[in-house]
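Residue-level structural notes
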Amino acid sequence: MEDFVMTLRRWYAENKRDLPWRNTPDPYYIWLSEIILQQTRVNQGLPYYLKFIENFPDVSSLASASEDQVLKLWQGLGYYSRARNLHHAAKQIVNFHEGKFPGKYDEILALKGIGDYTAAAIASFAFGQPYPVVDGNVFRFLARFSGNQTSIDTTTGKKEFSRLALELLDREDPGNHNQAMMEIGATVCLPVNPRCSLCPFQGGCVAFQEDQIEMLPLRTKKTNIRHRYLHYLVYLDGDHTWIRKRSGKDIWTGLYEFPLIETESNVIIDRNAIGLHAEVRFDISKEYRHILSHQKLITRFYIIDSAPDPSMKEKGYFSVQTCDLVHFAMPQLLVKFLRHDPVSPVLTATVNN
Ligand code: SF4
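Our subject in this report is the structure included herewith. (Residues numbered from 1 in each chain as written. Predicted model: local features only at pLDDT ≥ 70, side-chain atom pairs only at ≥ 80, totals over all residues. Heavy atoms only, no water.)

Side note on helix 10 (residues 155–168)
Working note: α-helix, 3.6 residues per turn, so residues spaced by three or four point in the same direction. Under the convention used in this document: Helix and strand assignments come from DSSP, with helices taken as H or I runs of at least 4 residues and strands as E runs of at least 2, each series counted from the N terminus. By this rule, a helix spans an expected 1.5 Å times one less than how many residues it contains. Accessible area is worked out with a 1.4 Å probe on protein chains only. A residue is then buried under 20% of its type maximum, exposed over 50%, and partly exposed in between. This arc corresponds to the set of directions leading from the helix axis out to the C-beta atoms.
In this model, helix 10 (14 residues) spans 20 Å end to end at C-alpha, consistent with the 20 Å of a helix rising 1.5 Å per residue. Buried residues of helix 10: Gly157, Phe161, Leu164, Ala165 and Leu168, and no others. Buried residues along helix 10 cover an arc of 100 degrees about the axis, so they all sit on one side. Seen from the buried face of helix 10, the exposed residues on the opposite side, beyond 90 degrees, are Thr155 and Lys159.

Side note on the nonpolar core
In summary, soluble globular proteins display a tendency toward joint burial of nonpolar side chains. Basically, it comes down to this: By convention a nonpolar core is built from buried Ala, Val, Leu, Ile, Met, Phe, Trp, Tyr and Cys residues, the set being connected through side-chain atoms within 4.5 Å. We call two residues contacting when some pair of their heavy atoms lies within 4.5 Å.
In terms of nonpolar packing, the biggest core is built from 95 residues, with Trp31 and Phe52 touching the most fellow members. Residue contacts for Trp31: discarding those within four places in its chain leaves Leu62, Leu86, Ala89, Ala90, Ile93, Phe101, Ile114 and Ile122. Counting residues in hydrophobic clusters, the runner-up holds 11 residues, among them Ile269, Phe282, Ile304 and Tyr317.

A short note on the sheet that holds strand 8 (residues 318–321)
Inclusion rule: Here, any two strands with at least 2 DSSP bridges between them count as paired.
Read across the sheet, three strands follow the order 3-2-8 without closing on themselves; strand pairing throughout is antiparallel. The sheet is open, and its two edges are formed by strand 3 (256–257) and strand 8, each paired on a single side. Bridging between strand 2 (residues 240–245) and strand 8 involves four bridges; their strand directions are antiparallel. When the sheet's bridge partners are listed, Trp242 is paired in strand 8 with Ser319.

Section: the site of the ligand
Convention followed: Any residue with at least one heavy atom within 4 Å of a molecule or strand is counted as near it. Gly counts as polar in this scheme, as do all residues outside two lists: the nonpolar Ala, Val, Leu, Ile, Met, Phe, Trp, Tyr, Cys and Pro, and the charged Asp, Glu, Lys and Arg.
In the region of the ligand, the neighbouring residues are Phe141, Arg144, Val188, Cys189, Cys196, Cys199, Gln202, Cys205, Phe208 and Ile213. The residue inventory of the shell around the ligand, partitioned by class, reads eight nonpolar, one polar and one charged.

Quick word on the packing of aromatic side chains
For clarity, the threshold we go by: Classification of ring pairs rests on two measures: the distance between centres of Phe, Tyr or Trp rings, Trp counted by its six-membered ring, which must be within 6.5 Å, and the angle between planes, read as stacked under 30 degrees, edge-to-face over 60 and tilted in between.
With the rule as written, the count across this model stands at 22 aromatic pairs. Here Tyr288 and Phe301 contribute two aromatic rings whose centre-to-centre distance is 5.5 Å and whose plane-to-plane angle is 90 degrees, an arrangement assigned as edge-to-face. One end of the pair, Tyr288, is in strand 6 (residues 288–291); the other, Phe301, is in strand 7 (residues 295–304), and 13 residues separate them in sequence. For Phe301, a relative accessible area of 0% gives the class buried.

A closer look at the environment of Leu50
By the element assignment, Leu50 lies in helix 3 (residues 42–55). Each C-alpha atom of the pair Leu50 and Leu32 lies 10.0 Å from the other, and the pair is 18 residues apart in sequence.

Some words on the packing of helix 2 (residues 27–37) against helix 3
Our working definition: Angles here are taken between N-to-C directions and fall from 0 to 180 degrees, while the axes themselves are lines fitted to C-alpha atoms, restricted in helices to the stretch in contact. Any angle that falls under 35 degrees is termed roughly parallel, while one over 145 is termed roughly antiparallel, one within 65 to 115 roughly perpendicular, and all others oblique. Take the far helix as your reference; a near helix turned counterclockwise from it by less than a right angle gives a left-handed crossing, and one turned clockwise gives a right-handed crossing.
It is the contact of helix 2 with helix 3, at a shortest axis distance of 9 Å, that shows an interaxial angle of 140 degrees. With respect to their mutual orientation, helix 2 and helix 3 come out oblique. Read as a crossing pair, helix 2 and helix 3 show a hand that is right-handed. Contact with helix 2, carried on its side by Tyr29, Leu32, Ser33, Ile36 and Leu37, involves Val42, Gly45, Tyr48, Tyr49, Phe52 and Ile53 of helix 3 and no other residues of that element. Here the residues of the contact of helix 2 with helix 3 sort into nine nonpolar, two polar and no charged.

Some details on helix 2
Counted residue by residue, helix 2 has 10 buried out of 11 residues, so it is predominantly covered. Check the buried side of helix 2 and you find it contacts helix 3, helix 4 (59–64), helix 5 (67–74), helix 6 (81–96), helix 8 (116–127) and helix 11 (174–187). Gln39 sits one or two positions beyond helix 2 and adopts a positive phi of about 60 degrees.

Details of the packing of helix 3 against helix 5
The interhelical angle for the contact between helix 3 and helix 5, taken along N-to-C directions, is 150 degrees, at an axis separation of 10 Å. Put simply, helix 3 runs roughly antiparallel to helix 5. Between helix 3 and helix 5, the contacting residues are Tyr48, Lys51, Phe52 and Asn55 on the first element and Val70, Leu73 and Trp74 on the second. Grouping the constituent residues of the contact of helix 3 with helix 5 by class yields five nonpolar, one polar and one charged.

Below, the structure is given as structure tokens:
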């Protein structure tokens, strides 16, 4: 084990990327970076991290922001529950820990949106506590290095790999050790075409020695992708349009959207189906496809030069000036439509300004 620790230490000292959250022991910054980087590549997450620390330099400023402000800043990053949980947890820290980030693992784990992995990252990076961090990159590295053929998405697999990570942990410097494990998984032991010739563990790597790199790590579950067919009605009511805030437990909770019709299959909505007279402009956009982790959204936008039926208000929709749309956090799919679709020049100009 000592060899492993020393090899990793040396490799990390020579190869670590200089990322802003690595130069601070502040748990707030570490927490922000960890939440932003879940399901997100470093290049994509970095500008969001910088925007967040500029707008919310500490836990209290994040806690006192409105949910709309937080979601607007998060717009485009996806998995919006991360932003809502972040906001909620900031309030927990203010209300239950006097605004000071808790230092005990169990207290960190009790914060909304923080699981074992993030709690271990914060406890080790910020407080030097000996908890191993096992993210997707570390699972892959450990499976190949040890040749363990237990599926990483099973309870047994999670336990076995966590145990191995704990055995390998550098107890003198768990924070840097964990960062190094994540770094080697992210930059050397890549999912496809790992850079084994640059890997300091090549000699002891079971997958490399036994030609099993491509089959490890093993997984059992297949992800079922649900197809959804969304039709957005973009009413151009003079210089106003209609939107609502999404609620409930579906995707995009807390974000704003145009009046929506969802269908079971890929049909095109007819003007008669929404009670439009023949003379009212009714343009249909191209089909937009948007992939989420478990869903594929097939979407069309319908541009309607008219006010909607007054019953729209009962469904939570309200009228806003098109020039104010830019202030509302919207799903990236809608932003993409507003930016690019030539059938909506008024809206395109609004968002691009
Ligand atoms: Fe991964 Fe290759 Fe290193 Fe093995 S030798 S740990 S497969 S990069």
